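Coordinates in review
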Amino acid sequence: MKMQLFKPYAPSSQSTSAFEFAFKGFNASGILLYGSATLDSSAISLTQNTTFSIGRAVYHSKILTSLHNSSTVLPFRTSFTFSITPYKNQPPGHGLVFVFVPSSGTAGASSAQHLGFLNRTNDGNPDNHVFGIEFDVFQNQEFSDINGNHVGVNVNSLTSVVSHKAGYWLQGDAKNSHNNKTNWSFHELKLNNGAIYQANSNNGSCKHEKAAEAVDQCFPRSVQNFS
C-alpha cells in the first residue's frame, strides 16, 4: 500500500511566542526522511510496493511542546493532505500516524498493526513520550480498535485514548435544528480508497459541540475529501 503526504502541509505549535511553519511543496531541506519514505514530486511517499514497509517524515528541528519547568502541554494545530492507496494484488497496509516523537529515525517502530509508530515490546511504556493521531484501516483486537476504518488519539500506546469512525462533520440548516443549536451531521468516508483527504487537528479550542463529543479535545476535528 502506498501512503503519501501532499501539499499544502501546514502544522503549527502556539504558545506565548508562536512557532509556525508551512510547506507549499516538499524538498530535502525542510524534512528528514527515514525508512522507506521518499520524495515523490510535490508529495512524500511513506511506503513503497513492498510488504512490511515503514516510512517516516519529520520536521528537521525540534518543536517546543511545553514551557520550561512546566508539565502543561502547549496547544497546537495542523492541517495536511494524504492518500492511502492499496497496490493491486498486494495485501493492504494498516494505515498511518501523525506523530510527535522525541527523536528522529524509526528505531522502536514496527510495521503492520504497529503502524510504524511503536512495536510489540515498547507499546504502552510511559517512557516512550510519544503522541500520535492514527488513521487506521484495520481492526486489531489487541489494541481494542473500534472498527477497520477509524481515527484515534494515541499517547505512548497503540491503544487509543479516544477514537471515532473516520469521517467529517457538516453544518446543516440552523432552522431545522433543535433548541436553537446549529445542526451538525456526520458523514463517514473510507480512508484507504486512494482518494486525497485533508486532515485538520486543533487541541486549542473546540469549534462545535458535536466534534467535542466525537473526539475529546477535537483531535482531529475533521477528515474531509480534498479532491
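For clarity, every value in this text was computed on a predicted model and none was experimentally measured.

With respect to the environment of Phe 76
Its place among the elements puts Phe 76 in strand E8 (residues 76–85). Between the C-alpha atoms of Phe 76 and Thr 65, which are 11 residues apart in sequence, the distance is 8.6 Å.

Concerning the environment of Ala 199
With respect to the secondary-structure elements, Ala 199 resides in strand E15 (residues 196–202). With 119 residues separating them in the primary sequence, Ala 199 and Phe 80 have C-alpha atoms 5.5 Å apart.

With respect to the side chain of Ser 111
For Ser 111, the position within the fold is in the loop between strand E9 (95–100) and strand E10 (131–136). With a relative accessible area of 15%, Ser 111 lands in the buried category.

Some thoughts on the confidence of the model for the protein chain
Mean pLDDT over the protein chain works out to 78, with 76% of the residues at or above the 70 mark. Contacts from residues 7–16, a stretch scored under 50 in pLDDT, to residues over four places away or in other chains number 45 contacts. Under a pLDDT of 50 for its full length, residues 204–222 has, in the predicted model, 48 contacts with residues more than four places off or in other chains.

Looking at the packing of aromatic side chains
Following the criterion strictly, the structure yields 8 aromatic pairs and no others. Ring centres 6.0 Å apart and planes at 85 degrees place the aromatic pair Phe 80 and Phe 135 in the edge-to-face group. With Phe 80 in strand E8 and Phe 135 in strand E10, this residue pair connects regions lying 55 residues apart in the sequence. Given the relative accessible area of 1%, Phe 135 is considered buried. For the ring pair Phe 82 and Phe 135, a centre distance of 4.9 Å and an interplane angle of 50 degrees mean the geometry is tilted. A residue pair is termed long-range when its members are at least 10 positions apart, and Phe 82 in strand E8 and Phe 135 in strand E10 qualify at 53 residues. The same class applies to Phe 82 and to Phe 135, which are both buried. Members of the aromatic cluster, connected to one another through ring pairs, are Phe 80, Phe 82, Phe 98, Phe 100, Phe 131, Phe 135 and Tyr 197.

Considering the pattern of salt bridges
For the structure shown, the criterion picks out 1 salt bridge. For Glu 188, the salt bridge identified is with Lys 165, shortest N-O distance 3.6 Å. Placement of the pair is Glu 188 in strand E14 (residues 184–188) and Lys 165 in strand E12 (residues 162–165), with a sequence separation of 23 residues.

A few points about unusual backbone geometry
Even without being glycine, Phe 52 reaches a positive phi, approximately 55 degrees. Of the residues examined, Phe 52 reaches a relative accessible area of 67% and is grouped as exposed. Non-glycine residue Ala 112 carries a positive phi angle of around 55 degrees. Mapped onto the secondary structure, Ala 112 falls in the loop between E9 and E10. Its relative accessible area of 24% is what places Ala 112 among the partly exposed residues.

Brief notes about the nonpolar core
Counting residues in each nonpolar core, the largest one holds 18 residues, and the members touching the most others are Phe 80, Phe 82, Ile 133, Phe 135 and Leu 191. Looking at this core element by element, the count peaks at 4 residues for E8. Counting residues in each nonpolar core, the second largest holds 8 residues, with Phe 23, Ile 44, Leu 46 and Tyr 59 among its members.

Structural notes on the sheet that holds strand E11 (residues 150–155)
Pairing in this open sheet of 4 strands is antiparallel, and the strands run E9-E10-E11-E12 from one edge to the other. Pairing within the sheet leaves two strands with one partner each, and these edge strands are E9 and E12. Each strand of the sheet is rotated relative to its neighbour by a mean of 15 degrees, with strand direction disregarded. Sheet analysis places E10 next to E11, joined by 6 bridges and oriented antiparallel. Bridge pairing links Gly 132 to Asn 154 in E11.

How each quantity is defined
- Residues numbered from 1 in each chain as written.
- Predicted model: local features only at pLDDT ≥ 70, side-chain atom pairs only at ≥ 80, totals over all residues.
- Heavy atoms only, no water.
- Helix = DSSP H or I, 4+ residues; strand = E, 2+ residues; numbered from the N terminus.
- Buried < 20%, exposed > 50% of the residue type's maximum accessible area, 1.4 Å probe, protein only.
- pLDDT = per-residue confidence, 0-100.
- Contact = heavy atoms within 4.5 Å.
- Phe/Tyr/Trp six-rings, centres within 6.5 Å; stacked < 30°, edge-to-face > 60°.
- Salt bridge = Lys/Arg side-chain N within 4 Å of Asp/Glu carboxyl O.
- Core = buried A, V, L, I, M, F, W, Y, C linked by side-chain atoms within 4.5 Å.
- Pairing = 2+ DSSP bridges.
- Axes fitted to C-alpha atoms, helices over the stretch in contact; angles between N-to-C directions.

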